[in-house]
Amino acid sequence: MILKLVFILIIIAYATGDRTKSNNQYDDDDRVKVFPELAINSQSDTMSNLRGGGNSVYFTNGLPTNFDSRKKWPNCPSIGHIYNQGNCRSSYAVAAASAASDRICIHSNSTKNPIMSAQQIISCCYLCGYGCDGGSLFESWDFYRRHGFVSGGEYNSNQGCQPYTIPPCKLINEKPPGHSCTTFNREETPTCEKKCNNPNYYTSFRADIYRGKYYKVSPYMAMKEIFDNGPITTQFYMYRDLVDYKSGVYQYDE
């Protein structure tokens, strides 16, 4: 059985460079960067397509058989980057932060290339869930809409306002050996900080905030959305055999 698709959420990051007042938990500030919404599906259309309705031929007509976002937008290096979340169940935050980074770059014609902070989401998005014990992708995007993301690269990257502070898990055949996540308990969720914790980053926290809106698309529209506007995020049920996945289209082996 193919993995069940729960829902698809799209980040809207049309980089206009506008800076307006932000109604968010970090106090209003006229330096917050706001990215307006591009489009939205009506709830009835979305739910109809999620239930199997809609015309798949219409949505996929004219799309290529193979497509690689890295090749279409080669000047947005965040698209091809694979993040190491370490011993922390922060995939919901890493997915939202990385897709936001991609979309901001794409829709600014590669003139803006910030790396959004997963650290901020797991530590400050209280409605998202339980930090390093897992959370909600939907609430991560709603946090982006209501409060905004700041920048922040990976562990020890010295990049952005709030870089990731959780050490990465070692990779297979890594030399020298790294941090083994199988022999340590899950990391504690970092404390929320409403300031930049990178001493080498000189933009203020409030001036670093990117805000915008998200919208949903049906499974049929997902391919066209990726082709037209770039990477999207999704949630799905994960089974134990996923750890043995190596290549191709993953299928659940009952």
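Up top is the structure.
This write-up is about the structure you can find in this document. Since this is a predicted model, take the numbers as computed values, not measurements.

### Some words on the state of the cysteines
As enumerated under the stated definition, the model contains 5 disulfides in all. There is a disulfide in this structure between cysteine 125 and cysteine 128, and the S-S distance comes to 1.9 Å. Judged by the sign of its S-S torsion, about 80°, the cystine formed by cysteine 125 and cysteine 128 is right-handed. Cysteine 128 matches cysteine 125 in its accessibility class, with the two residues each being buried. Here cysteine 161 pairs with cysteine 196 through a disulfide, and the sulfurs are 2.1 Å apart. Here the S-S torsion is close to -105°, and the disulfide linking cysteine 161 with cysteine 196 is therefore left-handed.

### Details of the packing of aromatic side chains
Counting across every chain of the model gives 7 aromatic pairs. Through a chain of ring-to-ring contacts, three or more aromatic side chains come together here, namely Trp141, Phe143, Tyr144 and Phe149. In this structure, lysine 72 packs its charged tip against the face of phenylalanine 227, placed 4.1 Å from the ring centre.

### Examining the nonpolar core
In this structure, Met116, Ile121, Ile122, Trp141 and Phe149 are the most contacted members of the largest nonpolar core, which totals 27 residues. Sorting elements by how many residues they give to this core places helix H4 (residues 91-106) first, with 8 residues.

### Regarding the pattern of salt bridges
For the coordinates displayed, the defined rule picks out 5 salt bridges. For the salt bridge of aspartate 142 with arginine 145, the shortest nitrogen-to-oxygen distance reads 2.9 Å. Taken together, the residues span about one helical turn, with aspartate 142 and arginine 145 both in helix H6 (residues 137-146) at a distance of 3 residues. For arginine 145, a relative accessible area of 33% puts it in the partly exposed group. Of the charged contacts in the structure, one is a salt bridge between aspartate 228 and lysine 224, with a shortest N-O distance of 3.0 Å. Within this pair, aspartate 228 and its partner lysine 224 are both found in helix H7 (residues 219-229), separated by 4 residues, close to a single helical turn. In the salt-bridge network here, residues are joined through shared partners; they are Asp142, Arg145 and Arg146.

Thresholds applied
Residues numbered from 1 in each chain as written. Predicted model: local features only at pLDDT ≥ 70, side-chain atom pairs only at ≥ 80, totals over all residues. Heavy atoms only, no water. Disulfide = S-S within 2.5 Å. Buried < 20%, exposed > 50% of the residue type's maximum accessible area, 1.4 Å probe, protein only. Phe/Tyr/Trp six-rings, centres within 6.5 Å; stacked < 30°, edge-to-face > 60°. Lys NZ or Arg CZ within 6 Å of the ring centre and 35° of its normal. Core = buried A, V, L, I, M, F, W, Y, C linked by side-chain atoms within 4.5 Å. Helix = DSSP H or I, 4+ residues; strand = E, 2+ residues; numbered from the N terminus. Salt bridge = Lys/Arg side-chain N within 4 Å of Asp/Glu carboxyl O.

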